Amino acid sequence: HYADPNYPLEAIPVIARQGFVQVASAFSAALAASILTQPLDTIKTRMQVAKGKPVFFSPVAVAKELASTSGLFKGLLPRIGHMGVWGSVLSAAYEYLKFVSRKDYNT
């Protein structure tokens, strides 16, 4: 019944809305971070595992590598999944600890 477009948002439990926001935030942050850092991480890893003097020290070789983006985004989906799940768990743990460690001075 939550999928019904006419279902009022206020009727959805607050905890469910907060959970959805946390998961959506974690995966959108993982998507942005992965897309921005994956090419640089790929080049760094290739430089680290190269035998002898890597060809990546040449600016021309780096430009060629960046121009051909086919291999630069290899492994992007598992990285997004890993970072999204980890971000969701971390965010949920933070929110829980924030809730249980608050002081209620009104009682």
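Data block above holds the structure.
Read on for an overview of the structure. What you are looking at is a predicted structure, and each value in this text was computed from that prediction instead of being measured.

1. What to know about the pattern of salt bridges
Now for step 1: By the definition in use, this model includes 2 salt bridges.
Now for step 2: Aspartate 41 is paired through a salt bridge with arginine 79; the nearest N and O atoms lie 3.7 Å apart. With aspartate 41 in helix α1 (residues 14-49) and arginine 79 in helix α3 (residues 76-100), this residue pair connects regions lying 38 residues apart in the sequence.
Now for step 3: When its relative accessible area of 27% is taken as the criterion, aspartate 41 is described as partly exposed.
Now for step 4: Here arginine 79 falls in the partly exposed class, since its relative accessible area comes to 22%.
Now for step 5: In this structure, the salt-bridge partner of glutamate 95 is lysine 98, at a minimum N-O distance of 3.4 Å. Of this pair, glutamate 95 and lysine 98 both sit in helix α3, 3 residues apart, roughly one helical turn.
Now for step 6: Look at glutamate 95 and you get partly exposed, because its relative accessible area is 32%.

Thresholds, definitions, all that
- Residues numbered from 1 in each chain as written.
- Predicted model: local features only at pLDDT ≥ 70, side-chain atom pairs only at ≥ 80, totals over all residues.
- Heavy atoms only, no water.
- Salt bridge = Lys/Arg side-chain N within 4 Å of Asp/Glu carboxyl O.
- Helix = DSSP H or I, 4+ residues; strand = E, 2+ residues; numbered from the N terminus.
- Buried < 20%, exposed > 50% of the residue type's maximum accessible area, 1.4 Å probe, protein only.

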